[in-house]
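Summary of structural features
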Amino acid sequence: NAFTEHGKRREPEIAEWVRAEFNIESSQALFHAPHDRRHLATPDGIGERDNGVLELSEIKTTNKPWRSIPKHYLRQIWWQQYVLGAERTLMAWELHRDFVPVGEPQFQWVDRDDNEIEKLLGLVDQVINTLIARTQ
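Overview of the structure. (Residues numbered from 1 in each chain as written. Predicted model: local features only at pLDDT ≥ 70, side-chain atom pairs only at ≥ 80, totals over all residues. Heavy atoms only, no water.)

Notes on the pairing of strand β6 (residues 88-97)
Strand residues, when the strand is regular, have side chains that alternate between the two faces of the sheet. Formally: Partly exposed residues are those whose accessible area sits between 20% and 50% of the maximum for their type, while under 20% is buried and over 50% is exposed, using a 1.4 Å probe and protein chains only. Every helix listed is a DSSP run of H or I at least four residues long, and every strand listed is a run of E at least two residues long, numbered separately from the N terminus. Pairing between strands is defined by DSSP: at least two bridges between them are needed. Throughout, right-handed denotes a crossover for which the path from the first strand over the helix to the second runs clockwise when the strands point away from the viewer.
Across the 10 residues that make up β6, a large majority, 8, are buried. Relative to β6, strand β5 (residues 54-62) is paired through 8 bridges, and the arrangement is parallel. Of the residues in β6, the one forming a bridge with E55 is R88. Between β5 and its parallel partner β6, the chain crosses via helix α2 (residues 71-84), and the hand of that crossover is right-handed. Both β6 and strand β8 (residues 106-111) contribute to a ladder of 6 bridges, which runs antiparallel. When the bridges of β8 are listed, W93 appears paired with Q106. Here β6 runs beside strand β7 (residues 100-101); their pairing, made up of 2 bridges, is antiparallel.

So, in structure tokens, the structure goes:
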């Protein structure tokens, strides 16, 4: 749809802003978790700090101002942190009106939350086990 297409067009521009401001490089790579190759993630950006800490970025566009990061995006971020072993993620989003950007991107750091990650792992494993049972 038009919103998805707008996001695809704007993501490289926002990714360049993230690189310039936070030294997190754009990525389109697909990663799997070390302990389960079925657990996959594609963060929008990856940066490694001098101390070896891995940081990610996730980029979105929106036509509605956010009071906080929507929960479904937080789940996506926590999943990516689990898969890659990252400690935190820069969530960057750009507000638009009628597909015209409004101001600079906004951002917020999201720290790793192992309790939320455990919940996600339980749900994902349930889905995988259900799918496997249906094919047998």
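Having put the structure on the table, let's press on.
Focus on the pairing of β5
Burial of β5 is extensive: 9 of the 9 residues sit out of reach of the surface. What you see with β5 is no split at all: L54, L56, E58, K60 and T62 on one side and E55, S57, I59 and T61 on the other are buried throughout. Pairing of strand β4 (residues 45-48) with β5 involves 4 bridges; the strand directions are antiparallel. By the bridge assignment for β5, G45 is matched with S57.

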